[in-house]
Structure formats: structure tokens, C-alpha cells
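The primary structure of each chain is shown beneath.
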Amino acid sequence: MRKLRLITALLIASSVCLAAPAALAQDGDTAVTTQELQFVFNTLLFLLGGFLVMWMAAGFAMLESGMVRSKNVATICAKNIGLYSIAGLMFWLFGYNLMYGVDAGGWIGSFTWYEHPTHEAETGSYAGTSDWFFQMVFCATAASIVSGTLAERIKLWPFLAFCVVLTGIIYPIQGAWTWGGGWLKEAGFSDFAGSTIVHSVGGWAALVGALILGARIGKYDSKGGIHPMPGSSMPLATLGTFILWLGWFGFNGGSQLALGTINDASDVARIFANTNTAAAAGVVAAMVLTQILYKKVDLTMALNGALAGLVSITAEPLTPTMPMAALIGVIGGVLVVVTVPLLDKLKIDDVVGAIPVHLVCGIWGTLAVPLTNDSTNFGSQIIGILAIGVFVSAVSAVLWFILKGTVGLRVSEEDERGGLDIAELGLEAYPEFGPVTSPSTA
Amino acid sequence: MRKLRLITALLIASSVCLAAPAALAQDGDTAVTTQELQFVFNTLLFLLGGFLVMWMAAGFAMLESGMVRSKNVATICAKNIGLYSIAGLMFWLFGYNLMYGVDAGGWIGSFTWYEHPTHEAETGSYAGTSDWFFQMVFCATAASIVSGTLAERIKLWPFLAFCVVLTGIIYPIQGAWTWGGGWLKEAGFSDFAGSTIVHSVGGWAALVGALILGARIGKYDSKGGIHPMPGSSMPLATLGTFILWLGWFGFNGGSQLALGTINDASDVARIFANTNTAAAAGVVAAMVLTQILYKKVDLTMALNGALAGLVSITAEPLTPTMPMAALIGVIGGVLVVVTVPLLDKLKIDDVVGAIPVHLVCGIWGTLAVPLTNDSTNFGSQIIGILAIGVFVSAVSAVLWFILKGTVGLRVSEEDERGGLDIAELGLEAYPEFGPVTSPSTA
Amino acid sequence: MRKLRLITALLIASSVCLAAPAALAQDGDTAVTTQELQFVFNTLLFLLGGFLVMWMAAGFAMLESGMVRSKNVATICAKNIGLYSIAGLMFWLFGYNLMYGVDAGGWIGSFTWYEHPTHEAETGSYAGTSDWFFQMVFCATAASIVSGTLAERIKLWPFLAFCVVLTGIIYPIQGAWTWGGGWLKEAGFSDFAGSTIVHSVGGWAALVGALILGARIGKYDSKGGIHPMPGSSMPLATLGTFILWLGWFGFNGGSQLALGTINDASDVARIFANTNTAAAAGVVAAMVLTQILYKKVDLTMALNGALAGLVSITAEPLTPTMPMAALIGVIGGVLVVVTVPLLDKLKIDDVVGAIPVHLVCGIWGTLAVPLTNDSTNFGSQIIGILAIGVFVSAVSAVLWFILKGTVGLRVSEEDERGGLDIAELGLEAYPEFGPVTSPSTA
Amino acid sequence: MLTAIIKPHKLDAVDEALAKLGISGITISEVMGHGRQKGHTEIYRGAEYQVSYIPKTKIEVVVSDDLADKASDAIIDAARTGNIGDGMIFVGEIGEAVRVRTGETGAIAL
Amino acid sequence: MLTAIIKPHKLDAVDEALAKLGISGITISEVMGHGRQKGHTEIYRGAEYQVSYIPKTKIEVVVSDDLADKASDAIIDAARTGNIGDGMIFVGEIGEAVRVRTGETGAIAL
Amino acid sequence: MLTAIIKPHKLDAVDEALAKLGISGITISEVMGHGRQKGHTEIYRGAEYQVSYIPKTKIEVVVSDDLADKASDAIIDAARTGNIGDGMIFVGEIGEAVRVRTGETGAIAL
Ligand SMILES: Nc1ncnc2c1ncn2[C@@H]1O[C@H](COP(=O)(O)OP(=O)(O)O)[C@@H](O)[C@H]1O
Ligand SMILES: Nc1ncnc2c1ncn2[C@@H]1O[C@H](COP(=O)(O)OP(=O)(O)O)[C@@H](O)[C@H]1O
Ligand SMILES: Nc1ncnc2c1ncn2[C@@H]1O[C@H](COP(=O)(O)OP(=O)(O)O)[C@@H](O)[C@H]1O
């Protein structure tokens, strides 16, 4: 009786309110209060932003599916749906209270699980659980970043084990320092939607993982040669990028954390526009630069360019003017085009370009905050970048080494050659479309 | 003059309101009333929920495209866009008024079509047509479930003919019993967002169809052997699952039916979190269990596990605590892993696992309601499950038999071997990617 | 300190408001005013509508990826992400102020870039930048239409150069005439969400481009034979169509431009329902008609049928009753099925059917407005269609010819045969799935 | 070497028939072709076109000379449906067969 | 048996040329290769790499001995562009050809 | 003509080994097969099934008779891992080889 339920509700309401159609404040006890109105708007923003960011999990899954070779596609799908699920559980079991249960200026919250508040306890300006949901999907994003870099060679379960700790412990602890109101917040560090707190965190974990795991067989030869291993599906990679772009409106827009006033609503709008502009500028920069450097546009760089622009603007999507947003995005796009081959020179094998996009541009975006936001300064930004970088890298390294030393991180050479899909899942992503034999897919 | 239109509207409004900036209730006649505010919020929830559930149609299309063999992919796409369209028309022509035009405690509404109410008639707590839209996409979901089970052998038009009756008659009639305020509602049956009313309905229709239609050629041999026919694209199946997961926030969250108060907003938030938690738990359960049982994770089971968690929590996404939501999802995930091979033992050929996911978990979710919702009881839940199960199965069976006896349900053996795409559509889903010859794709 | 920020905000607010829990209007200075409430709701509608329409960019990318042959898929992805980015930048640099900076009854706005308004300047009924965002994504849509028609033979950069002018100059100038409040608005032309102003504009540019560019090699032979070149991926084409369908709720629903009153909210709901109904009717019409004409359902026509219904209802999605919405969609679906082969007879090579869908149905939808909207008339509608058609075609033709005469529009014959992906990007969309040699993919 | 072009769904049956003769080595690939069966006409977006090539499975089996006839007969038995498009078997000569793993040559390698 | 490796877009022309000689049986498959044409260099994400293999279409036609030369000439005529990569024709012997459907052998089976 | 069925990831090594012998013409295709290596069992959605065919790469190289043995040895050297599934080399006779572009025949065409 879904319809009737509502009608009944209405009748109850109207027996009070419609009798006094004059409105909201006529009768203080029953009418909608400002707090209630803000509560609903802010909760709505969290839910909207939250489902858009949740959708980014699909974006990472598609981007990575498109960027790995077909013999590893099913495994990357399994990793992505697995890590999103793990984040959802771990951020409930530990994450949220570790992150938001911290004392002002503190270092760490409490190891307790999140519980839904009762209706009576909802005296804040948004529903507690809407915040949980919104913060949870951010946590999942950090883990998504790692899967792309380490694709095509890391074992499924050790990777997921890493995600358990990343989403349950590492991410929330460093998150507490700033967004939870801890010491970095007091140190003046500012990261509006997470260039550092989300993206670099994933980037550092991925970088350390890539160093410990090593490159894919055949990627780098002893003579310094680099052997590209083209991704299996450009339309899926493109789809993934568009999904991420869409989700980013929730990521940055939702991070305004409030919607119900003229100032908040217009700020969210401004964030949407700046976010889009930075991404667009990142794409154009990457396309033009690859055309100049290589005489051909590199689609995968253009896709990375979009994400580069998005990550770059994430630390401060509100204060920039449109030209500044474009500039921040352009520099992000350039950074990606320059950093991707640099990593290859260093023999750091990052399958999807997550380190250039999320770590390098995450740092750039965080450093760019004081350019447009006067209440911040470079010193604090650098402290934040370093503190979080050192913490995440160190803990990740320990964790990766423990996993390597116990269960092992990497599939056998034979399994890697034959593809993780057969080895780890016993199925093929595209059982009917044979991979054409070519050296790059060896 | 889109911008100007607004500015004009504002000028008119401000001549009344801004002159009295004091606000909403100052001047009762022109200001926003509580009813108006609730109306807008609730309508917004229906529209948001509605477009998210509409998006699930794409999720089913992608999931099913990924789970069938490439020679049947275009046909499953045609079925999915066809059935969504049919649902959109039938729920207008008959469905809505059959479902919501029922008398309290009654059995069936009226055979009239839905008409947009006039502005003057909008005295409820939401826009009438927003409810139509929201309920319509639920109806389409029920039909989507059927297409997956019966894929790769059922003819296009007879399938669509079944959908006409399912969405225009069967679904609305049983829906009237509970959501329309009919006899099941009075009998105390409770199904918040449709574990039974939507998912089991699709599941029963699919099960009966599968029994009448028979298994795909070569799926089961005479010696009891089962011959898996792996799906053609794991990333599309994964994408479909993520789309469904996203859409489910609208499915369950929108079923709160109201947003404009602190209680409603925080309830919607709680529903979002519980929905996500159940799905995540379903994934983890399916991954762990397939690892234990088969020594390898089965990606398709993990995907089914997500949906299992989602279906299981759908009958009551509001009252569970987080641990209970996780538990409900875990059991859903386990049920799917156990039931899929069971159906194969019974030689019931369900191409995508829709029966385990939507029927079995639909029943489980409905039975689980009294665990967390004190205003419900197992007796009423069982009555609801049985009544709807018997009704839908019986009418579906009659309909399937009529179709079988007249136009025929199943393509010829040759067409089935060659693929429905060539036989039914005269085109190929992937004309340039040849299917590798393998026994499983025979 | 994201959470804390909010709590602080709340404390400030509550020191004023909660002390006066009686609510919104009790204390005129601090409480939410009607204007503020409308501002938030309308801004929210723009942002929601905007992100849904942004998502259509992915829809076009997927639809076109699915409809071109695999050797051209990566290039069409690059074009789509490139054009969306260009639209985002050009509509900021010129577009918005050209379109909305026009005098009442005028012809053209100003060549200035868009700047975010300050909080103080936000005295309208929506956030200025939310309108920018919403209008920008419409502009991008017009460009998306062109890429599909001209696929598989046009060079990347000249195409993007055309998009620069289309999105920065052509689209905004004609948009100013009606939506900016210019002369066509005064002439009584009515186009609610852009059947003509968005869809036909893309359609005209595409038609003129197709004429100047010529058909793909091998599409038409000298004896009048037509050689179909089937699209490489039906599920991606289907996905793209579903994405567009979803996005269209934002396209048409957001074009109501206001949400915060009972009338506006119920109008948006009505627009959603009519939009869905027209699309559904378009699908069913196309499926039935292709079955009758060709004895088989043509999936690509069914997909075009959905879009045909959507374009047809776009000029007036509010005033039709449900039966009228269905009828408008049916006629759209029929038009597409009839026009697609007609274009082939005329040797106009439109790879994805954008001209039938966006131009033909755009005209039909615009002509149909007076059937349901009494404040419009056929004369004005025809003036609008012609004026915009002539302007866009003429300027596009000049531009296409300039590009043809300077940098050249078309890849070499060898590059076209080998595929644009290798020639323009140096990569393959599906490097591991070899195209099966078949005459139609020659 | 026997090269057989057969209907794809007959592969299983052929493989089993060969296995019964003790022939375990087989290489298959996906081909298209036409013979007396000349393809068919389809309509795509309103335009007729000729689908000239029908998907077939190509089987290559190298057997010792004494098994060749039996193998050929076994394939024919297993692959025949009696309808057009059943395919062809071509029998050719192989000078030598070498097993890569062991370097064995001749019949022992097969 | 004639085995021809040709440029994919020449398949139509070759097929027509063979049809004119009355040859209707043909099997095609997708291959890659290099000969004097040695592939080319591409850049992917900033790293150069060698694309060693160019896609080609392989045509297999079994014809009676008297037609072999004519068929070979017809293929050459139809497939030649004069540019590098035009491909090769290899002529081999087939001991026997059997039509699966009928069991016919020899020239009559072709 | 040498026809070699090898493990896909050995293609590079084989190609290089042939290049060292001055053999530049090569045609490759994707095949599946089984020999002594009999496939393996997988589980999909709870049901066991036999993956009968293992993906292999087929290499066809036409060389002049004098090079055939060297080429065969080179392939064996490069493709051998010593594990099951290393594949086979079949040596057959080609009557004639024609270069489409030039019409050259015989050894000069290769
Ligand atoms: N002369 C030939 N040369 C090469 N392949 C042939 C020849 N004749 C037939 N084939 C192959 O055999 C397949 C089946 O031949 P077809 O003539 O259609 O069957 P049927 O033997 O039933 O008449 C064709 O698709 C083609 O691949
Ligand atoms: N000796 C050979 N053995 C096998 N295949 C060959 C040989 N020579 C050439 N080919 C095949 O022919 C194709 C075209 O040969 P190529 O030498 O590039 O052309 P051209 O004849 O124009 O020089 C190659 O891609 C390869 O597939
Ligand atoms: N008699 C044969 N005829 C055709 N192909 C064969 C034959 N024997 C082996 N092959 C091919 O060689 C591949 C490897 O053979 P296999 O017997 O597995 O390797 P090994 O030589 O290591 O025992 C098989 O997958 C099959 O494609």
C-alpha cells in the first residue's frame, strides 16, 4: 500500500497544516523548520553525491577492463567489485569511526563500528548515515586507484587483503587528520574534496605496490626497451572515463557538504562548472600535447588527461575562477603526458596510469590550492602532502611486504603469461573472441 | 527564452515575495506552504528514484548481454529495450490504474488508462505523475528479470507478447493486493520495495517459462552431464551489475516515498546504507564461498552475489541495523552460490541466474522482514509469498502454454545453433569478432 | 574537517534559528525565504538535469562506438571526449554570453567569457553557474550529433576544429534567437527543450558535412547498390541508447527550469512521463514496422526509434497528454524507419542515423508543438525551423568548405581502408580481437 | 594431413570420432567460406546485402598414411547432416612431422 | 590447392574473379604476417613499439589441376595493387577432395 | 612449406630465430588444438567442464628446400620449453610460390 501510505501521511499532515495553509511557520510546532529544511537538503546532497561517487566504482572497473589485456579482464572486474564491497564493509566496521571519531587536533579515532543514529539523535544538519554513505564511497575510490596500477600480475586475494587494511585502517586514519578535524586540519592543511586525502592515498599505495611487485613480464627488456601492452578495449576505457567524470560532480559537488542556502547552492554550481572545466582542459591539453610530441593523438592519454584535470581541481574546486580552473586542468593534463613515459623509464609498471593521474596530479592539485584560496598556504599544503605520503607509503610497504613474504603477491610466470583470468577465476572475459597472437600480447 | 522565462517568473514572484523578504510564511497566500514543500521534495524523490530504476533497464541489458553467448547478444538487447518500452506503454494503458485504482482490501483495480492530473488536482503530497513514473519503472524491472532466464532460445515476439501481459495485467494485479492497498495489505503482508512484489514476480514468471521452454540445446546431456556455456563478455556483465547496484538506491531509497522531513530524509539515508551493505556482503559471501567450494573465485557468482544481497534487503531495507543488513546480504550471497548448481541438477536452464537471485533471494528477503520489523509477522509474509507465487505462476503458465500452442515459443534447433541474432534480427552483435569454435559454444 | 565544518555551520545557524524553532519565517532576516528556497530547488534541478545531460556525452560515445566498424572505434571515442571538452571550454569562452547576453528581440549576444557571479550577485531564482552548466551540456549535445554521421572517414582535428566553431559560435548565436530571448522568441517560435535548437542544429551541421565529405568508400557502388557496414558492437550501441534515454530526463525535465512549486514539480513529473512514453512508443513503432517491412526486427532501428521518440517529444514534452506523447513518439519511430533507407537512396552516408533521428524528428517534434500547446502556431514554428536550418547549414557549409580547402577533411583512401584508428591514433580499439574478413568490412 | 571444413557445431562429434580411432592430435581454427552453399541475403537498416561467407570450423589432423582413410571416413560420418554446407575434406601429403618438445619425427611424433 | 595471402580489402575482387572462372568453393581466414613489408612503428603512451604483423586474408581454394593456373592468374590480377604487402600465392598438391554431404570425391566434389 | 603449431608466447622468439636465417616471410594465425596435452577442467557457475582446446599460434613459412631443415631446427630451438604443449612442425611441399605484387615465382619470390 505504498500509495496509500503516503496519502495517509498526507492526511495526518494536512489535518495539522492544510488547516493552516498559510504555511511553514504559522504554527511553529508542526511546520518545517529551517533546521529541518537544511537537514533535508544537505542529506539529499550527500545521497546524490554518494550515489554518483558509488558509480565511479563502475568507472574504474570499465577503465581498467579496457586498459588491460583481454586475458586479465575478468580478474580486474572481480577485483573492482570485490574492493568496492570490502570498502563498504570495512568503512562500516572500522573506517568511519576511526576517521570521524577523532578528537579535535588528534591522530586517530576509535575502533568501533558505525551505527545508524535514531531519529531522535538526528539533531545535526544532515542525516548521520547520509554522511557515512558519502564518506564510504570516497574510501572505496582510494582503493579503486590501486587495482589499476597493479593489474595483470597481482594475485586476487592478496590484493583484496590489502584493500581490507587500506579501507579499514590506512585511509581512515590519515583521513581523520584533516577531514576528521585532527592535527593536519589544525596545521592549516586544506584539501576540499581529496586530491591528497583520497587520490594521492590511492596513488602512494599503488606506487609502493608497483615497486614491490615489479613490472609485468616482458614490459621492460634488459636493453632498456619498453614494450607497450595495449589495452583490450578502448570503448570500455572511454566509458570508464566518462563514468568517472560524471561521478566527479558528486565527488566535488557533494564535498560542499551543504546545499540549502543560496550560498551553498551557488557554490555547488560553481564546483560543478570548475570541475568540468578542469577536466575539459585536461583532455584538450593531453590531445594537443600528444599530437605535438608523437604526431598522433593518444586516446589513452586523452582519457588520462580528463582524469588528470579532475584530480587536479579536487583539492580546491570552489575558489578558482573559470580561467584558473582551466589552467589547473591544463597543467594536470600536461603532467600526465610527461609522467607516463617517465615512469616507464624508471621501470615502474603502472598499467592504467593511476600514478600520474592520482598521485602526481593529486600533489599538483593540493599545491595549487593557495593560488586561489587565500586562507591556505603552501607550507601547510606541503606538510599535508608529505605527512600523508610518508604515512601511507610506509604502512603500505610494510603490508605489501608481509603479503609478499607470506601468501605471495604475484602469480606464477606461467599464470601471468596465460592470463590471470584462467589462473585465478578459471574463466575467460571474452571466451569467444580469441586474442590475436601478437608480440605485445605475449 | 529559457533564461528570460525564469527571470520573468522571478519578477512576478518577487513582486509579491521579495517585497516581503521576511519569507515563507509571512504572507500565507503566496509563500511556500508545508504541503508545497513536502510535495516538491517527495516528487523529487520519485523522479530521482525513478530515473535510477529506469537505469536498471540498461543494467539488465548489459548483464544479460555479457552472460549470453555472442550469437545471442543482439537479440537480448532487442528484448531488453523492447520490454522496457512495452512496460512503459502497458503500465500507462492498464497497469497503474489496475494497481492503484483498487479499493481498500480489494483484489483488482480498474481497466482504465492513466491520465496526468491537472495542476488543480495536485492536492496530494507528491505529483501524481511522479508516482506513475516511479511505479512504472518497477513494473519494467519485473519483466527484465524474465528475459535473462529464457535467453538464447525463446523467440523475440512471443517473449514480448508475454511481457505485454506481465506488465499490463499480471504485475499490476498482484501489486494492487499490497501496494495498492488490497487484501494482502490488510492481511499484514509487508514488502517495502518489492523483494516479492517485483523480484519474485519476475522470478516466478521466469521459472515457469524455463520449465515450459526447456533447456538450451546441449546444456544438459542424457548422462546427467552439465555443459556450461560461458557468457561472452565479463566486463559487460560487471557493468550491468554495477548499474543495477546504482539503480537499487533509487529502487529502495525511493520506496520511502517521502523525503521532506528529518525522519524521512534520515530513513532514506539509512536505506541507502543498508542496501549497499547487503550488496557488499553478498559479493564477499559469494567470493569466499566459491573460493572454498571450487578453489577459484567465480566472477559470475560474485556478480550474482551483489544482486542477491540487493534483492534480499529489498523487502525491508529500513529497519535492519548495519550488522543485520550485512547478515541478510550474506545469506543472499550463499543462497545464490548454492542454488545455481541446484537448478542445473534439476535441468532448469537459467542463463543468467535470475531465479536464484530474484526468486530465491526474493523469498528469503521477504521472510527476513519480521526479523527486524516488529510490525510484521512470518505468517503474513508466507501468505503473501504463496499468494503471489501461485497467482503469478499459474497465470504465467497459462500464458506460456497459449503462446507455445499458437505461435510457438522456441526458435528452431538450427536457429538456436546458429544463434538468435541471425535468425531473429538478421544481424550479428559483433560481426567482426568471430566466435572461436569451442564445444561449449556449439 | 569536513564533518566539523558542517557542525560549526549548524551551530551558527542554530544560535539564530534553533533558538527560534518556530521556523522559517519567524525571524525574517535569518530564516529561509521563498526566494532562497526556490533558488535552491531550481539550482538543484539545473545541476541534476545538467549531470544527466552531461552523461549523454557518454551515450553518444557508446552508441557511435557500437555503430562503427572496429577499425574506427578508438577514433570515435577520441572525437566524443574531445568534442565534449571543446564544448565545455568554448561555451565558457564565448558561447554562454553570445547566447544569453542578447538583447530582447536581438540577434546576437556579446563575445565575452562567462564569469562566476559573486554570492552577492545571486539575486535570481537560480545560481547563475548552474544555468551555465545546464546550457553548456546542451551545447555539447549538438556537437555529439555531428560526430556520428561523419564517422569512419573524417579526420580528427578538422572535425574538432568544426566543433570549436559549432559550440563557440554557431550554436550559441541561433540559441540566442529563442532561448536567449532574441527575435525568434518574439516571432512566437517555441521549442521547449530543443528539438530544433539542439537536435536539428546538430542534424543540419551533420547533413551538410555528409554532403561535402561524401560517403565511405564502398558504401554505394556505381550500380546503385548499397553495401551496409554493420556496427561492431550491438551491446555498446544499446548501452549508448539507454544512456541517452536516461540523460533525456535531465534534458527535458531540466528544461522546465524550475522545481520549487507544486506546479513546477508536477510539470517536471509530467515531462518525465511524456518523455518516457514517446521513447517507448518510438521503439515499439520501429520494431513493429521493421518486422512488417523486412520480416525481421532491426535492432539498430529500434535503438534509433527510441531516440526518434525522444527527439520528437523534446520540443514540447509538457503539454501533451499521454496518448499524444505516444503518438508523437510513434510518428518519430516511423519517420526514422522510413528515412534511413531514403538517405541511402540519396547516397547520403550517415553512419549512425543521426540525420533521421535528430534532424527529421527534430523538425517533426517542432511542428507538433501547436498540436498540444495552444499558445503556439504552425507559422512561427516553420519560421523557426527554416531560420535556424538556413543559418546553421550555410555557416556549416562555409566552414566545412574552408576546412576541406585548407587542411583537408577526409583521410586518405588507404587510411580509410585500414581504419582511422591506426591512421589517426596509432592504436587499435580492440587490438586482440581481429576483425573477421568480410566484404562488408572491406 | 587431413584438412576438413565442417559445420561448427559438428566439431564435438568429429573430435570424438577421431578419438575413437586413437587420434588425439588436432588443430582447429575458425574460417569462413562458401561452396555450393552461397550465403544468404540480410537486411540492415533497410538495405539488402549478401552475406557471402558462412562460418565454418577448419580441422587439421596429421595422421599416418594407414589411418588417413579411416579418419576421413570417421569425419564424414560425424560431420554429415545431409544438408547443404556440410563441408569438404582435403587430403594432402606431409613430408615430415616433428614434435617440438621432443624432436621426435615421423609417425611416432603424431 | 591454392593458398593466397592477400590484402583484406581485395577479397571481394578476388572472389568475383574466381567466380568468373566458375570456381565457387572458397575458404577464407584471417591471418597476420610480414614479408618484405616489415610492419611499422607506433607510439603507445609515450613508448615506441614495432607492429610486426600486418593483417591479411588467407584464401584457400581447391581446384582441379587444369584450372590452377588460370585461378592463380585471376587472383594475381584481382589482388594486385602494385604496392608492398600485396601478398603471395602458394600452390600445393591435394591428394583427394571429399564432399562431406555426398561423399563425392575428386573434381566432381569441388 | 613449414607449418608450426607453437605456444603463443613463443612467437617472438621463433620469428627472431627465422630472421637470423634470413627468412622474412611469415604468416601467422590463431588456432586451438590438443595433442598429448589434453586440455583441463574448469568450473563455471558450479558445473565442471572440460576445456578441450588450448590456444596455439600457427606459423606458416614457405622457404626454399635448402633452408627447410635449418628453419625447422631454428623453430624447434626457439619454441621448445620442454613442457607438454610445445607443439608440432609439419613439413609439406609447395608446387609454386608467386609474389602477387611482382608476379615473380619460385625461390626469388620468397
Ligand atoms: N573448392 C573448395 N576450396 C576450398 N574450400 C571449399 C571448397 N569447396 C567448399 N569449400 C569449403 O567448404 C564449405 C562447405 O561447402 P559447401 O559447398 O557449402 O557444402 P556442401 O558440401 O554441402 O555443398 C565452404 O563454406 C567452404 O569453406
Ligand atoms: N615466405 C613466406 N611464407 C609465408 N608467408 C609469406 C611469405 N612471404 C610473404 N608471406 C605472406 O604474404 C604477406 C605479404 O607479403 P609481403 O612480402 O609483405 O608482400 P609483397 O609481396 O608486396 O612484398 C605477408 O604479410 C605474409 O603473410
Ligand atoms: N597429429 C596432429 N595433427 C594436427 N595438430 C596436432 C597434432 N598433434 C599435435 N597437434 C597440435 O600441436 C599442439 C601441441 O601438441 P601437444 O601434443 O599438446 O604438444 P606436445 O608436443 O608437447 O605433446 C596441439 O594443441 C595441436 O594444435
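As a reminder, the structure under discussion sits directly above these lines.
Residues numbered from 1 in each chain as written. Chains lettered and ligands numbered in written order. Predicted model: local features only at pLDDT ≥ 70, side-chain atom pairs only at ≥ 80, totals over all residues. Heavy atoms only, no water.

What follows deals with the packing of helix α4 (residues 128-149) of chain C against helix α8 (residues 234-254) of chain C. All names here are of chain C. Where α4 meets α8, the closest approach of the two axes is 11 Å, and the angle between their N-to-C directions is 125°. Our classification of the angle between α4 and α8 gives oblique. Seen from above, α4 lies across α8 with left-handed handedness. Side by side, α4 and α8 meet where F134, F138 and T141 of the first sit next to G250, F251 and G254 of the second. Across the contact of α4 with α8, the residue classes break down as three nonpolar, three polar and no charged. (Axes fitted to C-alpha atoms, helices over the stretch in contact; angles between N-to-C directions. Helix = DSSP H or I, 4+ residues; strand = E, 2+ residues; numbered from the N terminus. Parallel < 35°, antiparallel > 145°, perpendicular 65-115°, else oblique. Left-handed = near helix turned anticlockwise from the far one by under 90°. Contact = heavy atoms within 4.5 Å. Nonpolar A, V, L, I, M, F, W, Y, C, P; charged D, E, K, R; others polar.)

Before going further, it helps to spend a moment on the site of ligand 3. Around ligand 3 lies a shell of 23 residues, among which T27, R99 and R101 of chain D together with R36 and G85 of chain F are the nearest. Taken together, the residues near ligand 3 originate from chains D and F. I26 of chain D places a polar main-chain atom, nitrogen or oxygen, 3.4 Å from an oxygen atom of ligand 3. Expressed as a share of its isolated accessible area of 560 Å², the protein-covered part of ligand 3 is 99%. Secondary structure elements with two or more residues in the shell around ligand 3: β2 (26-34) and β5 (54-61) of chain D together with β2 (26-34) and β6 (88-91) of chain F. Residues that form the shell around ligand 3 fall into these classes: eight nonpolar, nine polar and six charged. (Near = heavy atom within 4 Å. Polar contact = N/O pair within 3.5 Å; in protein donor to acceptor, adjacent residues only side chain to side chain. Areas by Shrake-Rupley, 256 points an atom, 1.4 Å probe, with all protein chains shown as cover.)

A word on the site of ligand 1. As a matter of local geometry, ligand 1 sits amid 23 residues, with R36 and G85 of chain D together with T27, R99 and R101 of chain E nearest to it. More than one chain reaches ligand 1: its neighbouring residues belong to chains D and E. In this structure, an oxygen atom belonging to ligand 1 sits 3.2 Å away from a main-chain N or O atom of G33 of chain D. Contact with the protein chains hides 99% of the accessible area of ligand 1, taken as 550 Å² for the molecule alone. In terms of residue class, the shell around ligand 1 is built from eight nonpolar, nine polar and six charged.

The next point concerns the relation of the copies chain B and chain C. Of the two same-sequence chains, chain B is brought onto chain C (RMSD 0.0 Å, axial shift 0.0 Å) by a rotation of 120°. Viewed as a symmetry operation, the transformation between the two copies matches a three-fold axis. With a heterologous cut-off of 20% or less, the 20% of interface residues of chain B that recur at the interface of chain C puts this contact in the heterologous class. (Least-squares fit on C-alpha atoms with pLDDT ≥ 70 in both.)

Moving on: the nonpolar core. Formed by 470 residues in total, the largest nonpolar core has its most connected members in W55 and W245 of chain A, W55 and W245 of chain B together with W55 and W245 of chain C. The contact partners of W245 of chain C, leaving out residues within four places of it in the chain, are M54, I81, Y84 and S85 of chain B together with N276, A279, A280, V283, A306 and L310 of chain C. Core analysis: the second largest hydrophobic core is formed by 27 residues, L2, L11 and A17 of chain E together with V100 of chain F among them. (Core = buried A, V, L, I, M, F, W, Y, C linked by side-chain atoms within 4.5 Å. Buried < 20%, exposed > 50% of the residue type's maximum accessible area, 1.4 Å probe, protein only.)

Let's shift gears to the arrangement of the chains. Taking C-alpha atoms as the reference, chain A and chain D come no closer than 10 Å and do not contact one another. A gap remains between chain C and chain F, which never touch, and the nearest two C-alpha atoms on either side lie 10 Å apart.

Here we come to the pattern of salt bridges. Oppositely charged side chains can pair when the atoms bearing their charge come close. Going through the model one piece at a time under the given rule, you end up with 33 salt bridges over all chains. Put simply, R69, E152, R216, K219, D344 and D349 of chain A are held in one network by salt bridges that share partners. (Salt bridge = Lys/Arg side-chain N within 4 Å of Asp/Glu carboxyl O.)

Bringing a negative patch on the surface into the picture now. Among the surface-exposed residues, D69, D73 and D77 of chain D together with E96 of chain E lie close enough to one another that they form a single negatively charged patch. With three residues, the top contributor of residues to the negative patch is helix α2 (residues 65-79) of chain D. Turning to its location among the elements, D73 of chain D is positioned in helix α2. On the basis of relative accessible area, D73 of chain D is assigned to the partly exposed category, the value being 47%. (Patch = residues over 30% accessible without salt bridge, like charges linked within 9 Å, V, L, I, M, F, W, Y side chains within 5 Å. Lys, Arg positive; Asp, Glu negative; His and termini not counted. Charge placed at Lys NZ, Arg CZ, Asp CG, Glu CD.)

Bringing a nonpolar patch on the surface into the picture now. Together, L327, V330, I331, V334 and V338 of chain C line one region of the surface with nonpolar side chains, adding up to about 340 Å² of accessible area. Tracing the backbone through its elements, the reader meets V330 of chain C in helix α11 (residues 322-345).

All names here are of chain D. Judged by how many residues are buried, strand β1 (residues 2-6) sits mostly within the fold: five of five residues are covered. Sheet topology places β1 next to β5; five bridges connect them, and they run antiparallel. In the sheet register, I5 faces β5, and the bridge partner there is K58. Examined bridge by bridge, β1 and strand β6 (residues 88-91) share four bridges and lie antiparallel to one another. (Pairing = 2+ DSSP bridges.)

Right, let's talk about α2 of chain D for a bit. One turn of an α-helix holds 3.6 residues; hence residues three or four places apart share an orientation. Between its terminal C-alpha atoms α2 of chain D stretches 21 Å, which fits the 21 Å expected from 15 residues at 1.5 Å a residue. Taken together, the buried positions of α2 of chain D are occupied by A68, A71, S72, A74, I75, I76, A78 and A79 of chain D. Elements in contact with the buried residues of α2 of chain D: β1, α1 (11-20) and β6 of chain D together with β7 (96-99) of chain E. (Expected span 1.5 Å × (residues − 1).)

Before going further, it helps to examine helix α3 (residues 73-100) of chain A. At F91 of chain A, α3 of chain A is bent by approximately 65°, the largest bend along its length. Most of α3 of chain A is tucked away, with 26 of its 28 residues classed as buried. (Bend = angle between axes of the 7 residues up to and from the residue.)

At the interface, 80 residues of chain B touch 96 residues of chain C. Buried area between chain B and chain C, summed over both chains or domains, comes out near 6,900 Å², and the portion from carbon and sulfur atoms is 76%. At the junction of chain B and chain C, the tally comes to zero salt bridges. Elements with a minimum of two residues in the side of chain B that touches chain C: α1 (2-16), α2 (34-67), α3 (73-100), α4 (128-149), α5 (156-178), α8 (234-254) and α15 (420-425) of chain B. It is α2 of chain B that contributes the most residues to the side of chain B that touches chain C, 18 residues altogether. Residue classes in the side of chain B that touches chain C are distributed as 58 nonpolar, 14 polar and eight charged. (Buried area = accessible area lost by both parts, 1.4 Å probe.)

Counting across every chain of the model gives 84 aromatic pairs over all chains. Considering the side-chain rings of F91 of chain A and Y96 of chain A, the 6.0 Å spacing of their centres and the 80° angle between planes classify their relative orientation as edge-to-face. An identical accessibility class is assigned to F91 of chain A and Y96 of chain A; each is buried. Taken together, the ring pairs in this structure connect F46, Y126, F134, F138, W179, W248 and F251 of chain A into an aromatic cluster. The ring centre of F159 of chain B lies 5.9 Å from the NZ or CZ of K79 of chain B, which sits over that ring. (Phe/Tyr/Trp six-rings, centres within 6.5 Å; stacked < 30°, edge-to-face > 60°. Lys NZ or Arg CZ within 6 Å of the ring centre and 35° of its normal.)

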